[in-house]
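Residue-level structural notes
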Amino acid sequence: MPETIKYYSTNRHLDQVPGIIPFRKTVSFREALLMGQAPDEGLFMPGAIPALPLETFKALKGMPYTEAAMLVAQAFLAGEIDERTLRRIVDDAYTYEVPLENVFARKYIMRLDQGPTASFKDFAARMMARLMSALRDPGTRLNVLVATSGDTGSAVGEAFKGVAGIDVTILYPRSEVSGRQKKQLDTIGQNVRAVSVDGKFDDCQDLVKQAFSDPALVAFNLTSANSINFGRILPQIVYYVWAWAQLSRDGEPAVFSVPSGNFGDALGCEYARRMGLPVEKLIMPTNENDEFPRFLETGVYERVSPSRACLSNAMNVGHPSNLARFFDLYDGAVDRTGTVRRIPNLNEMKKNIYSISISDRETKKTIKRIYDQYRVLLEPHGAVGWRGLEVYLELYGDKPLCISLETAHPAKFPDEIRELLGINPDLPQGMKDIDQRSGEPVFLPANYGKFRKYLQKHLRITE
Ligand SMILES: *Cc1c(COP(=O)(O)O)cnc(C)c1O
């Protein structure tokens, strides 16, 4: 048996912070997956990042996506899950295409929008749901709590729909999700319940975080499926590895541009590079929630509060939860309130990462220009990513191989696309019947006492 990787908390050093008792133990992947978050409210981090030789990455050229998923999963999970189980999980999770669309020269859009809810979050959620199902204690029920600003919730809900022994509660901000997103969330049904919160995404995230650290709810086996769960991060390493293998020539490095909100997607790229994948630069464009690009420029971190409501609504995050992981990887520490406890190595960060804030105006202009010029269709998140890449290349000169991520399907933003381009994008397969589905959410105020009461009344403990 190979030595298994142990997971530690990002808060393990925070001795002097009132209210935090640092969690200094380490846990297995299984424990990290089922706990979701460390007991000290820190995020779990792998204590070692498995490095793979360049040849192993290169060998994925021409291979199906599931081979890349096996490679990454085995590197992290060897000794905890056997190969046959992993193979079954991966084959069951990844049944759809990952198009690499050429824009010009060797600049590509990677479309991560072909899953059941047409967002990149399907990739992580589907694998995580199956990992949880394989690793949970038989006989007990798991209760997944998710805060979503749009796409996480439906991806997670769909991924867990019908999975035995697991119930899902999804919180979303009532006035910040699009009509179609709301429809997707409210109508999943079965073991998945939607809660419409009178507040912002950050309020939803706070309610969920409080529930996780509430002793009164321990019996319910609460677990997260937000991007704070490492089980969500692991699958997001895979598409960087796979895309690079398909497009790279002679092992040349690639620039990746990743439209970013809670920074879980970009973190996948950061880990891929640390595993040995040749990544020349990780570009992390944000919308007008610009706390991170400002931090890289000034060294001063200030969360945006309240978060700004932008077109790319899944990225309306004033203090990204995975920032704690980025800081930790660069020897810094930031707590959940956004207070920096130790400044990370900024020079090293800037060597690997570039970030820029893209306004809604720029986002719209980009959608129009890229469609007019190349007939390539982007929605607001993908346009933020692409514009970030353009700015980077304008500032630092051309890099041959560049891959920008399209994280949602344009048909999820029909009004914007119609207004800008005068066309109606076709719905992807998984969403064709969306307007005919029916279902109602539960309505709650942004009040923790009320939320706790609701959970105590409705959650189940045993299978
Ligand atoms: C969640 C989401 C993002 C942001 O991803 P993070 O991992 O939170 O940075 C970008 N685009 C879409 C469509 C999303 O749903």
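Please refer to the structure higher up on the page.
Anyway, here's the lowdown on the structure attached to this text. (Residues numbered from 1 in each chain as written. Predicted model: local features only at pLDDT ≥ 70, side-chain atom pairs only at ≥ 80, totals over all residues. Heavy atoms only, no water.)

Before going further, it helps to examine the overall build of the protein chain. When you go through the protein chain residue by residue, the secondary structure sums to 18 helices and 15 strands. Over its C-alpha atoms the protein chain spans a radius of gyration of 21 Å, differing by no more than 12% from the 23 Å that the globule rule assigns to 463 residues. By its C-alpha atoms, the protein chain is 55 × 50 × 45 Å across when sized along the principal axes. The burial tally for the protein chain puts 64% of its 463 residues in the buried class. Within the protein chain, contacts between residues at least 6 apart in sequence are counted, and of these 75% link residues at least 24 apart. Summed over its atoms, the accessible surface of the protein chain is roughly 17500 Å², and 48% of this surface lies on carbon and sulfur atoms. Taken together, the 57 basic and 57 acidic charged side chains of the protein chain have centroids lying 2 Å from each other. (Helix = DSSP H or I, 4+ residues; strand = E, 2+ residues; numbered from the N terminus. Rg over C-alpha atoms; globule rule 2.2 N^0.38 Å. Buried < 20%, exposed > 50% of the residue type's maximum accessible area, 1.4 Å probe, protein only. Contact = heavy atoms within 4.5 Å. Areas by Shrake-Rupley, 256 points an atom, 1.4 Å probe, with all protein chains shown as cover. Lys, Arg positive; Asp, Glu negative; His and termini not counted. Charge placed at Lys NZ, Arg CZ, Asp CG, Glu CD.)

On to the layout of surface pockets, then. Put simply, the largest pocket is a space of about 480 Å³. Residue lining of the largest pocket: 20 residues in total, with Leu34, Met35, Phe212, Asn221 and Leu222 positioned closest to the centre. Residue assignment for the lining of the largest pocket shows that the elements contributing at least two residues are helix H1 (29–35) and helix H8 (201–212). No other element matches H1, which puts three residues into the lining of the largest pocket. Classifying every residue of the lining of the largest pocket gives eleven nonpolar, four polar and five charged. Estimates place the volume of the second largest pocket at around 240 Å³. Of all elements in the fold, only helix H12 (291–298), strand E13 (353–354) and helix H16 (380–396) reach the threshold of two or more residues within the lining of the second largest pocket. Looking at the lining of the second largest pocket, the element that brings in the most residues is H12, giving four residues. Its residues assigned to classes, the lining of the second largest pocket comprises seven nonpolar, two polar and four charged. (1 Å grid on protein atoms, 1.4 Å probe; cavity = no way out; pocket = protein on both sides within 12 Å on 5 of 7 lines; lining within 4 Å. Points joined across faces, edges and corners; volume = space filled by probe spheres on them. Nonpolar A, V, L, I, M, F, W, Y, C, P; charged D, E, K, R; others polar.)

Moving on to empty space enclosed by the protein. The tally for this structure, following the rule as stated, stands at two cavities of 30 Å³ or more. When its volume is computed, the largest cavity comes out at roughly 280 Å³. Every residue lining the largest cavity is counted, 25 residues in all, and those nearest its centre are Phe120, Lys121, Gly261, Asn262 and Ala314. Breaking the lining of the largest cavity down by element, the ones donating at least two residues are helix H6 (151–160) and helix H11 (264–274).

Lining the immediate surroundings of the ligand are 15 residues, of which Lys121, Gly261, Asn262, Asp265 and Thr407 lie closest. Here an oxygen atom of the ligand and a backbone polar atom of Phe263 are 2.8 Å apart. Between Asp265 and the ligand, the recorded distance is 2.8 Å, taken from a backbone N or O atom to an oxygen atom. If the ligand stood free it would expose 380 Å²; the protein chains cover 97% of that surface. The pocket occupied by the ligand, as judged from atoms lying within 2 Å of grid points, is the largest cavity. Looking at the shell around the ligand residue by residue, the classes come out as six nonpolar, six polar and three charged. (Near = heavy atom within 4 Å. Polar contact = N/O pair within 3.5 Å; in protein donor to acceptor, adjacent residues only side chain to side chain. Sits in = over half its atoms within 2 Å of the grid points.)

Here we take up helix H4 (residues 83–93). Turning to H4, its buried residues number three or more, namely Thr85, Leu86, Ile89, Val90 and Ala93. Angularly, the buried residues of H4 cover 130° about the axis, an arc narrow enough to put them on a single face. Facing away from the buried surface of H4 by more than 90 degrees, the exposed residues are Arg84 and Arg88. The secondary structure elements touched by the buried residues of H4 are helix H3 (65–77) and helix H5 (121–135). Two or three places before Arg84, at the opening of H4, Asp82 has a side-chain oxygen 3.1 Å from that residue's backbone nitrogen. (Arc of directions from axis to C-beta.)

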